[in-house]
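Commentary on secondary and tertiary structure
Below are the chains, spelled out letter by letter.
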Amino acid sequence: MKVLIVGGGGREHAIAWKVAQSEKVEKIYCAPGNAGIAEYAECVNIGAMEFEKLAAFAKEKEIDLTVVGMDDPLVGGIVDVFQAEGLRVFGPNKAAAILEGSKAFSKDLMKKYNIPTAAYENFDNAEEALAYLETAKFPIVLKADGLALGKGVLICNTLEEAKEGVRTIMLDKQFGESGNTMVVEEFMTGREVSVLTFVDGKTIKTMTSAQDHKRAKDGDQGLNTGGMGTFSPSPFYTKEVEDFCEKYIYQATVDAMRAEGRTFKGIIFFGLMLTEDGPKVLEYNARFGDPETQVVLPRMKTDIVDVFEACIDGTLDQVDLEFEDNAAVCVVLASAGYPEKYEKGFPIAGLEEFKKHDGYYCFHAGTKFDGENIVTNGGRVLGVTAKGADLKEARANAYAATEWIQFENKYKRNDIGKAIDEA
Ligand code: AMP
Ligand code: GLY
């Protein structure tokens, strides 16, 4: 089989690595890919939003399966373009990807189908939003409706901050068109858990749980980032929590989408908050999480190509999805200054060390080959993942492996997975 992966971050590196394990796969392409993905795949210089070019490439190379890693192309309708050309593609079509593409849509869906989530109101008018906030309880959460690179969520502690937030999202349009509509949501407290699932339109199978660390600095301080590290499984995702989610959240979401005429095939990523009143949905994503994927896929036993095919064919009920009974931790090595200003272009040393050790992985997020060296090429540079018998061992292994890598301005959080000490 020939497989094309669309994307070029740590998530797509982990997907490419996992696809490469499949005996059915003879050749992998990745558009646009990165310097790490190049080890498993031929990287093709086509952007993830160039749907027509990607489809033409898939036809020319007789690609059997295309896997889309990123949210923007999915929400933009890449799957519809591929399907119209008769190409096999894994991911939700445009009508279904709205589950991630519009927070107002997803909140209304949850309300209509009684799926537990925070109380909310949607606004497409700033005046009305401001009037509502005058009487609201604080803290309160403001969310730009559309995709905003994970930055469109503002937690406001006071009315003043909330007014400023309305200006940022709806009037100054800092997140562009994403801010035409805004969700105002009740602030929830509790542990966050990420659960990635495979969906074939009717059947849903969950992967092992994970937890992300979104803030830039230790102790969950600093700005929100794309994710500074993850661990899997989450010790807070108990059997009881899982049973509740299976009963009231997972299948209910899949059934709701089908009932709305938006049959969902692909990945649903459930961002959950474990509140005092039980688990509630924080957000849906229509794709693998980044960097959750970097700890989930290394623990997956099942051939991922079989699962992708079953999702497309509607035969997921026949798949036995299995995970190893161990743990994994991913520590992101970033460029100092991320997510604000940072320098790039520094040579990276130590990458070969990962080849010498089983159970250790170095997924590339922002790297490129400059003709001589692999150099830093982004805010998040590498995701260093290690497995262990349990979370503590995995964390010790991952932090030891971060020392194998050297580049100028290397920055990491030192407390990834620390929460597990309290479990
Ligand atoms: P989202 O993109 O919706 O996942 O939001 C990003 C982050 O903001 C989440 O991972 C949470 O940490 C936080 N967040 C979002 N919604 C809420 C909420 N209703 N209450 C508390 N925190 C929230
Ligand atoms: N790690 C959060 C996300 O992928 O959206």
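Structure's up top.
So, a few notes on the structure that sits alongside this text. This is a predicted model, so every value here is computed, not measured.

**Some points on the pairing of strand β21 (residues 380-388)**
When you tally the buried positions in β21, you get nine out of nine residues, the bulk of the element. Summarising the sheet, strand β17 (residues 327-335) and β21 pair through eight bridges and their orientation is antiparallel. Within β21, the residue paired with A327 across the bridge is G388. Pairing analysis gives five bridges linking strand β18 (residues 360-364) to β21, with the strands arranged antiparallel. Along β21, the bridge assignment pairs Y360 with A386.

**Topic: the pattern of salt bridges**
Within this structure, the stated rule accounts for 26 salt bridges. Between D220 and R413 there is a salt bridge, and its shortest N-O distance comes to 3.1 Å. Of this pair, D220 sits in the loop between β12 (215-217) and β13 (221-224) while R413 sits in the segment after β22 (410-411), and the two are 193 residues apart along the sequence. On the basis of relative accessibility, which here comes to 43%, the residue D220 falls in the partly exposed class. With relative accessibility at 1%, the residue R413 sits in the buried group. For the salt bridge of D243 with K239, the shortest nitrogen-to-oxygen distance reads 2.7 Å. Of the two residues, D243 and K239 both sit in helix α9 (residues 239-259), four residues apart, roughly one turn of that helix. The class for K239 is exposed, based on a relative accessible area of 55%. Through salt bridges with shared partners, one network takes in K24, D303 and D306.

**Remarks on the environment of N125**
Along the chain, N125 turns up in the loop between β6 (120-123) and α7 (126-134). On the basis of relative accessibility, which here comes to 29%, the residue N125 falls in the partly exposed class. Put simply, N125 and I312 are 187 residues apart on the chain and 40 Å apart in space, counted from C-alpha to C-alpha. Reaching out from N125, the side chain makes a polar contact with the backbone nitrogen of E128 at a distance of 3.0 Å.

**Some details on the packing of aromatic side chains**
For any pair of aromatic rings, the description rests on two quantities: the centre-to-centre distance and the angle between the ring planes. Under the counting rule described, the total for this entry stands at 16 aromatic pairs. Each ring, one from Y29 and one from F57, has its centre 5.2 Å from the other, and the planes form 85 degrees; the classification is edge-to-face. Of the two residues, Y29 sits in strand β2 (residues 27-32) while F57 sits in helix α2 (residues 51-60), which places them 28 residues apart along the sequence. Comparing Y29 with F57, the two get one shared label, buried. Ring geometry for F198 versus F308: centroids 6.3 Å apart, planes at 70 degrees, classification edge-to-face. Of the two residues, F198 sits in strand β10 (residues 191-200) while F308 sits in helix α11 (residues 304-313), which places them 110 residues apart along the sequence.

**As for the pairing of strand β4 (residues 65-68)**
Burial along β4 is two-sided: L65 and V67 facing one way and T66 and V68 facing the other are all buried. Pairing analysis gives four bridges linking strand β1 (residues 2-7) to β4, with the strands arranged parallel. Each residue of the ladder has a partner; that of V3, found in β4, is L65.

**Describing the site of ligand 2**
For ligand 2, the full set of nearby residues is D212, F269, N285, R287, G289, D290 and E292. A distance of 2.9 Å separates an oxygen atom of ligand 2 from a polar atom in the side chain of R287. Between D290 and ligand 2, the recorded distance is 2.9 Å, taken from a backbone N or O atom to an oxygen atom. When ligand 2 is considered free in solution it has 200 Å² of accessible area, and contact with the protein chains removes 90% of it. Each residue belonging to the shell around ligand 2 can be placed in one class, and the counts come to one nonpolar, two polar and four charged.

**Brief notes about the side chain of S335**
Considering the arrangement of structural elements, one finds S335 in strand β17. One polar contact links the side chain of S335 to the main-chain carbonyl oxygen of G378, over a distance of 2.8 Å. Not counting residues up to four positions away in its chain, the partners in contact with S335 are Y342, E343, G378, G379, V381, N409 and Y411.

**Focus: the state of the cysteines**
One pass over the structure, following the stated rule, counts zero disulfides. The cysteine C43 is free of any disulfide, with C30 supplying the nearest cysteine sulfur at 5.5 Å. Owing to a relative accessible area of 32%, C43 belongs among the partly exposed residues under this scheme.

**Section: the sheet that holds strand β5 (residues 89-90)**
Strand order across the open sheet formed by five strands is β3-β2-β1-β4-β5, with parallel pairing between neighbours. At either end of the open sheet lies a strand with only one pairing partner, and these are β3 (42-43) and β5. Bridge count for β2 against β3 is two bridges, and the pairing is parallel. Residue C30 lies in a different strand from β3, and its bridge partner there is C43. With respect to the sheet, helix α1 (residues 10-20) is in contact with β1, β2 and β4, its orientation differing from that of β1 by roughly 170 degrees. The strands touched by α2 within the sheet are β1, β2 and β4, with β1 carrying the most contacts at an inclination of about 165 degrees.

So, how was this worked out
Residues numbered from 1 in each chain as written. Chains lettered and ligands numbered in written order. Predicted model: local features only at pLDDT ≥ 70, side-chain atom pairs only at ≥ 80, totals over all residues. Heavy atoms only, no water. Buried < 20%, exposed > 50% of the residue type's maximum accessible area, 1.4 Å probe, protein only. Helix = DSSP H or I, 4+ residues; strand = E, 2+ residues; numbered from the N terminus. Pairing = 2+ DSSP bridges. Salt bridge = Lys/Arg side-chain N within 4 Å of Asp/Glu carboxyl O. Polar contact = N/O pair within 3.5 Å; in protein donor to acceptor, adjacent residues only side chain to side chain. Phe/Tyr/Trp six-rings, centres within 6.5 Å; stacked < 30°, edge-to-face > 60°. Near = heavy atom within 4 Å. Areas by Shrake-Rupley, 256 points an atom, 1.4 Å probe, with all protein chains shown as cover. Nonpolar A, V, L, I, M, F, W, Y, C, P; charged D, E, K, R; others polar. Contact = heavy atoms within 4.5 Å. Disulfide = S-S within 2.5 Å. Axes fitted to C-alpha atoms, helices over the stretch in contact; angles between N-to-C directions.

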